[in-house]
Amino acid sequence: MPASTRRVFLSGALALSIGPARAASAPLRVVASSLPHAEILEFVVDKLAPDLPLKVIEISGDLRPNALLRDGDADANFFQHVPFLRSEEAAMGMRFAVVAAVHVEPLGLYSRRAKALADLPAGGAVALSNNVSNTSRGLSLLQANGLIRLRAKAADVNATVDDIVENPKNFRFVEIAPPQLPRSLDDVALAVINGNYALEAGLEPARDALALERAEGNPYANVLVTTEGLAKDPRVLRLGTLLTSAEVADFIGERYRGSVVPVRPS
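The text that follows walks through the structure, step by step, so that each part is easy to find. (Residues numbered from 1 in each chain as written. Predicted model: local features only at pLDDT ≥ 70, side-chain atom pairs only at ≥ 80, totals over all residues. Heavy atoms only, no water.)

Moving on, we come to the overall build of the protein. Tallying secondary structure elements over the protein gives eight helices and 14 strands in all. Across the 266 residues of the protein, 52% fall into the buried class. Nonlocal contacts in the protein, meaning residues at least 24 apart in sequence, comprise 75% of its contacts between residues at least 6 apart. (Helix = DSSP H or I, 4+ residues; strand = E, 2+ residues; numbered from the N terminus. Buried < 20%, exposed > 50% of the residue type's maximum accessible area, 1.4 Å probe, protein only. Contact = heavy atoms within 4.5 Å.)

Here is the structure:
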């Protein structure tokens with residue numbers, strides 16, 4: 001790893017140790033989940049821009065990356081899709097700037113009790129994410145695969161379990177913090193798991209999921225986000241350009257083999 005790249009690991013207990021925002025000449029501090037985001041950032045600096053000073057802050061635990069950005073403890077983050085960001089903005093009462101849409105991590109349906117969706121037991125428990133945007137996303141994936149039917153809504157990004165109007169197998173739904181969803185597989189019939197958490201748990205979505213979201217036209221692309229004040233910072237703009245390059249698209253395709261899909265075709 002070149003000297004311009006520095007990766008640190010952060011848990012909730014260390015959230016206040018990063019320090020305030022610094023001048024534009026300082027290393028760009030980007031908060032990222034380890035897979036695939038930090039790996040992609042490392043590729044960018046190692047292979048494409050070794051002169052770009054970047055400090056990657058890998059997150060775990062109960063940290064809220066958007067709060068770190070708001071409080072000046074980071075300059076950008078790379079871990080979320082736009083519907084989640086919008087829900088965060090509403091809760092925090094502020095706006096952030098989306099710099100670049102990079103990749104889609106297709107949401108998947110996983111089971112250790114069934115080898116096909118048709119084999120899922122009646123009355124089984126289905127684990128969903130407990131945040132609003134990903135709950136709705138998971139319900140939409142279940143509907144797309146014929147497991148439930150949702151009430152028609154003008155904006156399905158706000159769908160909840162109360163919008164289920166048909167549930168032929170009488171599934172029971174439990175909502176769990178997204179990082180814990182892979183651990184729920186031993187206790188539920190089916191879990192709807194975000195791609196990054198599946199990868200971190202050693203799953204290969206393109207191989208292990210019983211069903212995956214379509215990547216084409218998917219509104220849940222993961223994005224590079226910064227504050228409105230840093231939206232035109234040259235370091236941020238350059239990183240956004242690099243993340244959407246053909247070289248990064250090629251890396252994503254080769255490294256993740258369909259488990260992560262670049263927004264820009266390689």
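That was the structure; now back to the text.
An α-helical turn contains 3.6 residues, so any two residues separated by three or four positions project in the same direction. For helix α7 (residues 234-243), the complete set of buried residues consists of R235, V236, L239, G240, L242 and L243. Down the axis of α7, the smallest arc covering the buried residues is 165°, so these residues share one side. The outward face of α7, more than 90 degrees from its buried face, is lined by the exposed residues P234 and T241. For α7, the side-chain oxygen to backbone nitrogen distance between the N-cap and R235 is 2.8 Å, and the N-cap itself is D233. (Arc of directions from axis to C-beta. Polar contact = N/O pair within 3.5 Å; in protein donor to acceptor, adjacent residues only side chain to side chain.)

Right, let's get into the sheet that holds strand β6 (residues 108-110). Strand order in this open sheet of five strands is β10-β7-β11-β6-β12, and the pairing throughout is mixed. Looking at the sheet topology across the chains shown, the edges are occupied by β10 (172-176) and β12 (211-212). With three bridges connecting them, β6 and strand β11 (residues 190-193) associate as antiparallel partners. Residue pairing in the sheet places L109 in a bridge with V192 of β11. In this fold helix α4 (residues 132-144) packs onto β6, β7 (125-129), β10, β11 and β12, with an angle of close to 135° to the strand it touches most, β7. (Pairing = 2+ DSSP bridges. Axes fitted to C-alpha atoms, helices over the stretch in contact; angles between N-to-C directions.)

Moving on, we get to the packing of aromatic side chains. The final tally for this structure, using the stated rule, is three aromatic pairs. Ring geometry for F79 against F84: centres 6.0 Å apart, planes inclined by 80°, an arrangement best described as edge-to-face. Look at F79 and you get buried, because its relative accessible area is 17%. Summarising the aromatic geometry, the rings of F251 and Y256 are spaced 6.2 Å apart at their centres and angled 85° between planes, so their arrangement reads as edge-to-face. (Phe/Tyr/Trp six-rings, centres within 6.5 Å; stacked < 30°, edge-to-face > 60°.)

Locating I164 in the fold gives a position in strand β9 (residues 164-166). By relative accessible area, which is 17% here, I164 ends up buried. Remark: the alpha-carbon pair of I164 and Q143, spanning 21 residues in sequence, is separated by 9.3 Å. In this structure I164 touches L139, I148, R149, L150 and F173, once residues within four positions along its chain are discounted.

Okay, the pattern of salt bridges next. This model, assessed by the stated rule, comprises 16 salt bridges. In this structure, the salt-bridge partner of D75 is R29, at a minimum N-O distance of 3.0 Å. You can see D75 sitting in the loop between α2 (65-70) and β4 (76-81) and its partner R29 sitting in strand β2 (residues 28-32), a full 46 residues away along the chain. With a relative accessible area of 2%, D75 lands in the buried category. The residue R255 makes a salt bridge to E39 at a minimum N-O spacing of 3.1 Å. Here R255, found in helix α8 (residues 246-256), pairs with E39, found in helix α1 (residues 34-48); they are 216 residues apart in sequence, far enough to count as distant. Assessed through its relative accessible area of 37%, R255 is described here as partly exposed. Each member of the salt-bridge network shares a partner with another, and the members are E204, R207, D208 and R257. (Salt bridge = Lys/Arg side-chain N within 4 Å of Asp/Glu carboxyl O.)

By themselves, these figures tell us nothing about what the structure is for.
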